[in-house]
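Structure at a glance
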Amino acid sequence: MARKPSISPSKITTYLACPVKYRYTYIDDRARWLLRAKSYYSFGTTLHRVLQRFHDSGDEGVTTTEEVLAAYEENWIDAGFSSAEEMAEAFGEGKQILERHVAATLARPSEAKTLFVERQLRHDFGDFVLIGRLDRVDQYDDGTLEVVDYKSGRDDVTEENVAADIAMCCYQLLLRKKYPLLPVRARILALRSSQSATHAMSDLEFEEFERDIALLARMILSENFYERKAVRKPICGHCDFLPACRQDPDF
């Protein structure tokens, strides 16, 4: 039996940004060699791994500031930095972020328990599967589930940002499908500033989003990407696949 195709928030956002980039990222292997390590990805992945351990109730070895910083050094990824100085600056910033996060978490009264960390959820739409990997899900005393998403590259966030974020809407949808009787909301935490914002989708928003995401997913999965022509966009200057697109005489 053939495995059903899958759609994720990353696939959706990549497609909306540039269908040609989607092709090179998820379909056509010939341009994958162009991908380069990114310092911001290394930095964010390191912080995610350490925060996963800190908030995981089953990981008893990372509960204090000292243990968190030890895990930080152990998990540090040094790929993509242009110099030792740049890496040292990023390492110092990450250390401050974690110290601040641990102190704030330990000082705060326990209003919720962490249900799980870094878990993939799935929902079967029949002809495809929506998948998403959630950083953390907390459950409050009233039963409300809150998906927490860490953003290591931003300083501020608003409720409007959360409401418009495709990934956060997907995560809420996946949570609601798994726990249909519980209220669900989403929180984005900007790690650089410790600012956060939340948004809870209404029943109408859930219905509209589920319909729209199904239509978009089926459009993506049915498209012939090899008929797509590369089109210049503002994101081209930062795209690893730019050399591949330049081979198209019409680009």
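The structure this text deals with has already been given above.
The rules we used
- Residues numbered from 1 in each chain as written.
- Predicted model: local features only at pLDDT ≥ 70, side-chain atom pairs only at ≥ 80, totals over all residues.
- Heavy atoms only, no water.
- 1 Å grid on protein atoms, 1.4 Å probe; cavity = no way out; pocket = protein on both sides within 12 Å on 5 of 7 lines; lining within 4 Å.
- Points joined across faces, edges and corners; volume = space filled by probe spheres on them.
- Helix = DSSP H or I, 4+ residues; strand = E, 2+ residues; numbered from the N terminus.
- Nonpolar A, V, L, I, M, F, W, Y, C, P; charged D, E, K, R; others polar.
- Axes fitted to C-alpha atoms, helices over the stretch in contact; angles between N-to-C directions.
- Parallel < 35°, antiparallel > 145°, perpendicular 65-115°, else oblique.
- Contact = heavy atoms within 4.5 Å.
- Buried < 20%, exposed > 50% of the residue type's maximum accessible area, 1.4 Å probe, protein only.
- Salt bridge = Lys/Arg side-chain N within 4 Å of Asp/Glu carboxyl O.

This part is about the layout of surface pockets. A volume near 1800 Å³ is recorded for the largest pocket. As for the largest pocket, its lining consists of 45 residues, and the residues nearest its centre are Ser 10, Tyr 40, Tyr 41, Thr 45 and Lys 151. Secondary structure elements with two or more residues in the lining of the largest pocket: α1 (9-17), α2 (19-27), α3 (39-55), α5 (84-107), β2 (112-124), β3 (129-140), β4 (145-151) and α7 (166-178). Here the lining of the largest pocket takes seven residues from α3, the largest share from any one element. Of the residues contributing to the lining of the largest pocket, the split by class is 17 nonpolar, 14 polar and 14 charged. Looking at the second largest pocket, its volume works out to about 740 Å³. Contributing elements (two or more residues each) for the lining of the second largest pocket: α3, α5, β2, β3, β4 and β5 (184-190). Take the lining of the second largest pocket: its biggest share by element is six residues, from α5. Its residues placed into classes, the lining of the second largest pocket shows 12 nonpolar, nine polar and 10 charged.

Moving on: the packing of α1 against α2. Look at α1 against α2: their axes get within 6 Å of each other, and the N-to-C directions meet at 140°. The orientation of α1 with respect to α2, classified from their angle, is oblique. Packed against α1, whose contacting residues are Ser 10, Lys 11, Thr 14 and Tyr 15, the element α2 presents Pro 19, Lys 21, Tyr 22, Thr 25 and Tyr 26 at the interface. The residue makeup of the contact of α1 with α2, split by class, is four nonpolar, three polar and two charged.

Bringing the environment of Asp 155 into the picture now. Among the structural elements, Asp 155 can be located in the loop between β4 and α6 (159-164). For Asp 155, a relative accessible area of 46% gives the class partly exposed. Placed 35 residues apart in sequence, Asp 155 and Ala 190 show a C-alpha to C-alpha distance of 5.7 Å. Those residues in contact with Asp 155 that sit more than four places away from it in its chain are Ala 190, Arg 192, Ser 193 and Gln 195.

It is possible for side chains of opposite charge to pair when their charged atoms get near one another. According to the stated counting rule, one finds 13 salt bridges in the structure shown. Across the salt bridge formed by Arg 136 and Asp 138, the nearest N and O atoms sit 2.8 Å from each other. Since its relative accessible area comes to 6%, Asp 138 is described here as buried. Put simply, Asp 203 and Arg 176 hold a salt bridge, and the shortest N to O gap is 2.5 Å. Within this pair, whereas Asp 203 is found in helix α8 (residues 203-222), its partner Arg 176 is found in helix α7, the two being separated by 27 residues in sequence. Among the residues examined, Asp 203 registers a relative accessible area of 48% and is labelled partly exposed. On the basis of relative accessible area, Arg 176 is assigned to the partly exposed category, the value being 28%. Within the structure, one salt-bridge network assembled from shared partners comprises Glu 146, Arg 185 and Arg 187.

Keep in mind these numbers describe shape, not what the thing actually does.
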